[in-house]
Amino acid sequence: MRPGVTEIDVDQNGFSRRSFLALAMAAPLGASALAACGTSGPGQARSGEASIWYLTGQPQEGLRKASVDAFNAAHPDGQLAATFFENDAYKTRIRTAVGANQAPTIIWTWGGGGLRDYVNNGQVDDLSDWFAQNPEQKERRFDTAFPAATIDGKIYAVPCEQVSPIVMFYNKQLFEQVGAQPPTTWSELMALVPVFLGAGIAPFSLAGQSRWTNMMWLEFLFDRQGGPAVFDAIAAGEPNAWSHPAAIAGLTKVQDLVRANGFVNGFQSIAADANADQALLHQGRAAMMLHGAWTYGSMKEEGGDFVPSGKLGWIPFPAIEGGAGDPSTGVGNPASFLALSSKASDEQKAIAREYFKSGLLTDADIAGWVKSGAVPIVKGVDSKFSGPDAPFQQFVYDTATQAKSWVHSWDQALLPGPAEQLLNNIEQLFSLSITPEQFATNMNAVPTS
């Protein structure tokens, strides 16, 4: 991906203000509906259209653009203008825009704590009534998609796109080269480190500069060591929750892996946005990688014959001997989410609601995500899996639908302030500049609200 912002112009047709204003008046509106923001910033909608901000990165970017293009072609009286941002740049831009009352009409979000922050500040509409009036929209989606969209019993975002559990990927060819099997336990994982180092291969690829990639390790280690109650207590703001013995054990284990040179040399200088961590795996320079299921599509697109030839393997995160966690627990993003800005005009909200209803998870949309190797959050979508991607897609589908619990990505589950402090401390933990106990002390001192 290129750094910076990529703006994609979506074809604009004539807009009938009267027709969509009538639709707007018929739809239930939040009490905080205000006048349109105008055109005071990049990505803002012009009069008579709604705006949406999305993330870059193929194949997802192409699928998102196709969804908007199809909606615009079918709705000449109500258009969407799409702007695309890289992941890390988006996090800054959307926070600034929402805080300045310059949010796009439709806000792409990870749900959880970031969404709660919007709700606490009255920046997004409650969509509970919309779901009540369109019950099929909830019934067809995975049940696991809704907790991260729900704040205090009300639904504030529409789950969409794909489920993205964190997966342990591995290069089958490298495992064959050293005569090893994928690890099923933490002890087996640690035992593989010297095996691959001895063969001149990095055991694990990691884009440590992005920080949230490091976090994925802790999400699993906390859960496998102590079960979901450990992070539940942290998210609930319980005093000294980061000092739970299972938390300290998980923090210690990841530093053991760092000290053993388990991660590729220079991992703290590698950024996830450039997909360099994925390249290390499919180019045969690293044996394993813990990453989101969404990387399957990009490795399929960028990795030459790596995916098509069957060299990519995947397994659940290994169990920890004596740990209290359930190995079926899912970790990661249960879906993507679209929230509706409370500052949008009635017209813009009407366009957005119509997009939620007829532009998301259409047959064409589902087919596109499935073709890319993703798993749309639609019940029974596994009947559409076929070809070489089907085994991976079934693995992801089963992970999402059979998980007894789900750990939402920590930096999305927490409010933005605590989440940033978490990422800062994780960076120090992985650089070995603080101990597990210092990490816990630092995080226990961070306000949770």
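If you're wondering where the values come from, they're calculated on a predicted model, not measured in any experiment.

A.B. asks: For this particular structure, what's the right way to read the overall build of the protein chain?
C.D. replies: When you go through the protein chain residue by residue, the secondary structure sums to 19 helices and 14 strands. Within the protein chain, the proportion of its 449 residues that are buried is 57%. Across the protein chain, the fraction of contacts at a sequence separation of at least 24, relative to all contacts at a separation of at least 6, is 78%. Split by element, the accessible area of the protein chain, about 17200 Å² in all, is 51% carbon and sulfur.

A.B. asks: Can you walk me through the packing of aromatic side chains in this structure?
C.D. replies: Summed over the entire model, instances satisfying the criterion amount to 34 aromatic pairs. Ring geometry for F204 and F263: centres 6.3 Å apart, planes at 55 degrees, overall tilted. Here the residue F204 occupies a position in strand β9 (residues 202–205), and F263 occupies one in the loop between α11 (245–259) and α12 (276–282), the gap between them amounting to 59 residues. Among the residues examined, F204 registers a relative accessible area of 0% and is labelled buried. Taking the centre distance of 6.3 Å and the plane angle of 45 degrees together, the rings of W212 and W294 count as tilted. Of the two residues, W212 sits in helix α9 (residues 212–226) while W294 sits in the loop between β10 (286–292) and α13 (295–302), which places them 82 residues apart along the sequence. Residue class for W212 comes out buried when judged on its relative accessible area of 10%. Taken together, the ring pairs in this structure connect W186, F204, W217, F220, F263, F267, F317 and F430 into an aromatic cluster. One Lys or Arg, K91, reaches over the ring of W110 and ends 5.4 Å from the middle of that ring. Here the guanidinium or amino end of K138 rests over the ring plane of F146, the centre of that ring lying 5.3 Å away.

A.B. asks: Just to check I follow, could you spell out the pattern of salt bridges for this structure?
C.D. replies: A side chain of one charge can pair with a side chain of the opposite charge when the charged atoms of the two come close. Taken as a whole and judged by the stated rule, the model has eleven salt bridges. Between K404 and D326 there is a salt bridge whose closest N-O contact spans 3.5 Å. Taken together, the residues span a long stretch of sequence, with K404 in the loop between α16 (390–402) and β14 (406–408) and D326 in the loop between β11 (312–315) and β12 (330–333) at a distance of 78 residues. Look at K404 and you get exposed, because its relative accessible area is 70%.

A.B. asks: Quick question: what am I supposed to make of the packing of α9 against α11 here?
C.D. replies: Two quantities define a packed helix pair, namely the angle between the helix axes and the distance between the axes. At a closest axis distance of 8 Å, the pairing of α9 and α11 adopts a crossing angle of 130 degrees. In terms of orientation, α9 lies oblique with respect to α11. Here the hand of the crossing between α9 and α11 comes out right-handed. On α11, the residues touching W217, L218, L221, F222, Q225 and G226 of α9 are A246, A247, A249, G250, L251, K253, V254 and L257. Tallied by class, residues from the contact of α9 with α11 come to ten nonpolar, three polar and one charged.

A.B. asks: I tried to follow the environment of F395 on my own but got confused; where do I start?
C.D. replies: Examined against the element boundaries, F395 turns out to sit in helix α16. Distance from F395 to P316, taken between C-alpha atoms, is 9.3 Å for residues 79 residues apart in sequence. Non-local contacts of F395, meaning those with residues more than four positions away in its chain, are made with V167, W314, I315 and P316.

A.B. asks: How should unusual backbone geometry be read in this particular structure?
C.D. replies: Among all residues except glycine, the phi angle is most often negative; among peptide bonds, the trans geometry is most common. That bond from Q58 to P59 is cis: its omega, 5 degrees, falls within 30 degrees of zero. You can see P59 is positioned in the loop between β2 (49–55) and α2 (60–74). Despite not being glycine, N275 shows a phi value in the positive range, around 60 degrees. Mapping N275 onto the fold places it in the loop between α11 and α12.

A.B. asks: Any chance you could explain the side chain of S405 here in plain terms?
C.D. replies: With respect to the element layout, S405 can be found in the loop between α16 and β14. Of the polar contacts made by the side chain of S405, one reaches the side chain of T329; its length is 3.1 Å. The residues contacting S405, other than those within four sequence positions of it, are P228, T329 and G330.

A.B. asks: I'm lost on the environment of T448 in this one. Help?
C.D. replies: Take T448: it is sitting in the segment after α19 (436–444). Here T448 falls in the partly exposed class, since its relative accessible area comes to 45%. Measuring from C-alpha to C-alpha, the distance between T448 and E238 comes to 9.1 Å, with 210 residues separating the pair along the chain. Apart from the residues within four sequence positions on either side, T448 is in contact with I234, G237, L415 and P418.

A.B. asks: Teacher, can you tell me more about α19 here?
C.D. replies: In an α-helix, one turn spans 3.6 residues; hence positions three or four apart end up facing the same way. All buried positions along α19 are accounted for by P436, F439, A440 and M443. With its buried residues spanning 95 degrees around the axis, α19 presents them on a single face. Buried residues belonging to α19 abut α11 and α18 (416–430).

A.B. asks: Would you mind going over helix α4 (residues 112–120) with me for this structure?
C.D. replies: Among all positions in α4, only G112, G113, G114, L115, Y118 and V119 are buried. G122, located one to two residues past α4, shows a positive phi value of around 65 degrees.

A.B. asks: How should the nonpolar core be read in this particular structure?
C.D. replies: In summary, soluble globular proteins display a tendency toward joint burial of nonpolar side chains. In this structure, Y54, Y90, I107, L115, L338, Y355 and F356 are the most contacted members of the largest nonpolar core, which totals 75 residues. Broken down by element, this core gets its largest block of residues, six residues, from α16. With near-sequence residues (within four places) excluded, L115 lies in contact with T109, V124, A148, A149, I151, Y156, A157 and A339. I166, F175, L280 and F439 belong to the second largest nonpolar core, which has 65 residues in total.

A.B. asks: I tried to follow the confidence of the model for the protein chain on my own but got confused; where do I start?
C.D. replies: Parts of the prediction with low pLDDT should not have their coordinates interpreted in detail. Confidence along the protein chain averages 88 in pLDDT terms, with 89% of residues attaining 70 or more. Predicted confidence for residues 1–42 stays below pLDDT 50, and this span has 104 contacts to residues more than four positions away or in other chains.

A.B. asks: Sorry if this is basic, but what is going on with the pairing of strand β3 (residues 79–85) here?
C.D. replies: Strand residues, when the strand is regular, have side chains that alternate between the two faces of the sheet. The element β3 is extensively covered by neighbouring structure, given that seven of its seven residues are classed as buried. Of the two faces of β3, the one holding Q79, A81, T83 and F85 and the one holding L80, A82 and F84 are both buried throughout. Judged from the seven bridges that link them, β2 and β3 form a sheet pairing that is parallel. If you follow S51 over to β3, its bridge partner there is A81. Crossover handedness for the path β2 to α2 to β3: right-handed.

What counts and what doesn't
One numbering rule holds for all chains: residues counted from 1, following each sequence as written. It should be noted that, the model being predicted, local features are given only for residues of pLDDT at least 70 and side-chain atom pairs only at 80 or more, the latter also being counted only at that level, while totals for whole chains, interfaces and linings use all residues. Side-chain measures here rest on the full set of heavy atoms in the structure, leaving out hydrogens and waters. The secondary structure listing takes helices from DSSP runs of H or I that are at least 4 residues long and strands from runs of E that are at least 2 residues long, numbered from the N terminus. Burial status follows relative accessibility: with a 1.4 Å probe on protein chains alone, a residue under 20% of its type maximum counts as buried, one over 50% as exposed, and anything between as partly exposed. Contacts between residues were defined by any pair of non-hydrogen atoms, one from each residue, lying within 4.5 Å. Every accessible area reported is derived by Shrake-Rupley at a probe size of 1.4 Å, with residue values counting cover from the shown protein chains alone. To pair, rings of Phe, Tyr and Trp, with the six-membered ring standing in for Trp, must have centres within 6.5 Å; the planes then decide the type, stacked if under 30 degrees apart, edge-to-face if over 60, and tilted in the middle. Any Lys NZ or Arg CZ found within 6 Å of a ring centre and within 35 degrees of that ring's normal is scored as a charge over the ring. Basic side-chain nitrogens of Lys or Arg form a salt bridge, by our definition, when they fall within 4 Å of a carboxyl oxygen of Asp or Glu. Lines fitted to C-alpha atoms define the axes, with helix axes restricted to the stretch in contact, and inter-axis angles between N-to-C directions lie between 0 and 180 degrees. Geometric relationships in this document are graded by angle, where less than 35 degrees denotes roughly parallel, more than 145 denotes roughly antiparallel, 65 to 115 denotes roughly perpendicular, and other angles denote oblique. By convention the crossing between two helices is left-handed if the near helix lies anticlockwise of the far one by an angle smaller than a right angle, and right-handed if it lies clockwise. Each residue receives one of three labels: charged for Asp, Glu, Lys and Arg, nonpolar for Ala, Val, Leu, Ile, Met, Phe, Trp, Tyr, Cys and Pro, and polar for the others, Gly being one of them. What qualifies as a polar contact is a pair of N or O atoms within 3.5 Å, subject to a donor-acceptor requirement within protein and to the restriction that residues adjacent in sequence count only when both atoms come from side chains. Our arc is simply the arc of the directions from the helix axis toward the C-beta atoms. We call a set of buried residues a nonpolar core when its members are Ala, Val, Leu, Ile, Met, Phe, Trp, Tyr or Cys and they connect through side-chain atoms within 4.5 Å of each other. A score between 0 and 100, pLDDT records how confident the predictor is in each residue. Pairing between two strands requires that DSSP report at least two bridges joining them. A clockwise course of the path from the first strand over the helix to the second, judged with the strands pointing away from the viewer, identifies a crossover as right-handed.

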